[in-house]
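Listed below are the residues making up each chain.
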Amino acid sequence: MPKTYFTPATFRFFKSLVRNNNREWFQDHKDDYERHVREPFLELIGDLAVPLGKISPHFRADPRKVGGSLYRLHRDTRFANDKQPYKGWQGARFFHERRHEIQAPGFYLHIQPGECFVGGGMWHPEPPVLKKLREFLADNPGAWKRATHGKAFQERFAFWGESLSRPPRGFDANHELIEDLKRKNFAAGRDFDEAMACSPELLPFVVDHFKRLAPMVDYLCAAQELEF
């Protein structure tokens with residue numbers, strides 16, 4: 001049976017947290033966080049495990065409270081100018097089984113007032129990895145075009161992040177994929193609203209979009225010599 005995970009109380013919690021971003025307030029409202037954010041998100045992650053495994057047996061939806069798919073709510077403020085202790089959002093990454101060995105693409109889900117989205121790919125690849133991705137792209141344009149240049153993909157998804165203003169050094173400025181080669185990130189996704197986040201359609205919506213992103217993620221796995 002379809003079920004809901006998040007409710008309007010989820011978004012009310014985040015809005016209040018943004019207004020009261022301090023440890024005292026959070027401790028007083030920790031039960032609200034557990035009830036309206038963490039527990040439903042972990043349940044959703046658990047329910048995504050089987051459908052994600054059907055998309056690729058090498059990706060994981062890990063519902064552990066610590067060390068799994070769910071990002072920590074606490075911010076790392078050690079080197080940040082902004083010392084607010086908590087994020088105003090909650091996200092989950094669905095990672096490749098070999099992520100500790102090699103930088104790998106993944107799938108992603110983000111819940112935040114006014115900014116919910118689902119996506120996949122590689123965000124901020126390290127310089128040697130970015131160079132390797134560009135070289136693979138330059139040498140294998142056909143599969144990338146099939147994965148990301150079709151009407152169905154481009155109507156649903158937008159690529160995230162910055163691009164170079166000039167072609168990267170060593171790449172042909174006239175290459176048919178020059179705009180893709182300029183990318184600093186190879187990640188794309190789609191926004192959705194709070195009504196969808198609070199709907200029983202959320203799980204099938206996320207699964208459908210992971211399926212549609214899978215050819216791009218498969219391609220990025222191939223560029224990193226990873227199984228998909």
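Whatever comes next refers back to the structure up there.
The numbering scheme is per chain: residues are counted from 1 as the chain's sequence reads. Local features in this predicted model are restricted to residues of pLDDT 70 or higher, and side-chain atom pairs are both shown and tallied only at a pLDDT of 80 or more, whereas totals for entire chains, interfaces and linings draw on every residue. Side-chain metrics rest on all non-hydrogen atoms present in the structure, leaving aside hydrogens and water.

Points about the overall build of the chain
A run of H or I in DSSP becomes a helix once it reaches four residues, and a run of E becomes a strand once it reaches two; helices and strands are each numbered from the N terminus. Counting secondary structure elements, the chain contains nine helices and six strands. Computation of the radius of gyration draws on C-alpha atoms alone. For the globule rule, the value is 2.2 Å times the number of residues to the power 0.38. What you see for the chain is a C-alpha radius of gyration of 19 Å, in line with the 17 Å of a compact globule of 228 residues. Viewed in the frame of its principal axes, the chain has a C-alpha envelope of about 60 × 45 × 35 Å. Buried residues are those whose accessible area, probed at 1.4 Å on protein chains only, stays under 20% of the maximum for their type, while exposed residues exceed 50% and partly exposed ones sit between those limits. Taken over 228 residues, the chain has a buried fraction of 47%. In this description, contact between two residues means that some pair of their heavy atoms is separated by no more than 4.5 Å. Considering only residue pairs separated by 6 or more positions, the chain has 67% of its internal contacts joining residues 24 or more positions apart. Only the protein chains shown count as covering a residue, and every accessible area follows the Shrake-Rupley method with a 1.4 Å probe. When the accessible surface of the chain is totalled, it reaches about 12200 Å², and 49% of it is carbon and sulfur.

Brief notes about unusual backbone geometry
For His124, which is not glycine, the phi torsion reads 55 degrees and is therefore positive. Within the secondary structure, His124 sits in the loop between β4 (116-122) and α4 (127-139). Residue class for His124 comes out exposed when judged on its relative accessible area of 52%. Look at Glu225: it is not a glycine, yet its phi comes out positive at around 55 degrees. Among the secondary structure elements, Glu225 is positioned in the segment after α9 (202-223).

Side note on the pairing of strand β6 (residues 186-192)
Side-chain positions along a regular strand alternate between the two faces of the sheet. Burial of β6 is extensive: five of the seven residues sit out of reach of the surface. Two strands qualify as a pair provided that DSSP identifies no fewer than 2 bridges between them. Both strand β5 (residues 158-159) and β6 contribute to a ladder of two bridges, which runs antiparallel. The partner of Ala158 across the bridge, within β6, is Gly189.

What about the packing of helix α1 (residues 8-19) against helix α3 (residues 30-55)?
Remark: α1 packs on α3, axes separated minimally by 8 Å, with the N-to-C direction vectors making an angle of 130 degrees. By the angle class used here, α1 and α3 are oblique. Crossing handedness for the pair α1 and α3: left-handed. Facing Ala9, Thr10, Phe13 and Phe14 of α1, the residues of α3 in contact are Asp32, Tyr33, His36 and Val37. In this count, Pro and Cys sit with the nonpolar residues alongside Ala, Val, Leu, Ile, Met, Phe, Trp and Tyr, while Asp, Glu, Lys and Arg are called charged and the others, Gly among them, polar. Across the contact of α1 with α3, the residue classes break down as five nonpolar, two polar and one charged. Comment: axis = line fitted to C-alpha atoms, over the contacting stretch for helices; angle = value between 0 and 180 degrees taken between N-to-C directions. Angles are sorted into four bins: roughly parallel if under 35 degrees, roughly antiparallel if over 145, roughly perpendicular if 65 to 115, and oblique for all others. For any helix crossing, the convention is left-handed if the near helix is rotated counterclockwise from the far helix by under a right angle, and right-handed if that rotation is clockwise.

Side note on the nonpolar core
In terms of nonpolar packing, the biggest core is built from 60 residues, with Phe94, Phe107, Ile111 and Phe192 touching the most fellow members. Ranked by residue count, the leading element in this core is α9, at 13 residues. If near-sequence neighbours (up to four positions away) are discounted, Phe192 is found in contact with Leu109, His110, Ile111, Cys116, Phe117, Val118, Ala197, Leu202 and Phe205. In this text, buried Ala, Val, Leu, Ile, Met, Phe, Trp, Tyr and Cys residues form a nonpolar core when linked through side-chain atoms within 4.5 Å.

Here we look at the sheet that holds strand β2 (residues 90-96)
Pairing is antiparallel in the open sheet, where six strands are placed in the order β1-β2-β3-β4-β6-β5. The strands lining the two open edges of the sheet, one partner per strand, are β1 (59-60) and β5.

A short note on the pattern of salt bridges
Once the charged atoms of two side chains with opposite charge are near each other, the side chains can pair. By definition here, a salt bridge exists when the distance from a side-chain nitrogen of Lys or Arg to a carboxyl oxygen of Asp or Glu is within 4 Å. Considering all chains together, one arrives at 16 salt bridges under this definition. For Glu97, the salt bridge is made with Arg60, and the minimal N-O distance between the two is 2.7 Å. Taken together, the positions of Glu97 in the loop between β2 and β3 (106-111) and Arg60 in strand β1 put the pair 37 residues apart, joining distant regions of the chain. Residue classification places Glu97 among the partly exposed residues on the basis of a relative accessible area of 34%. Between Asp208 and Arg212 there is a salt bridge; the shortest N-O distance is 3.0 Å. Here the residue Asp208 and the residue Arg212 both occupy positions in helix α9, the gap between them amounting to four residues, near one helical turn. By relative accessible area, which is 27% here, Asp208 ends up partly exposed. With relative accessibility at 34%, the residue Arg212 sits in the partly exposed group. Each of the salt bridges in this network shares a partner with another, and the network as a whole consists of Lys3, Glu43 and Asp47.

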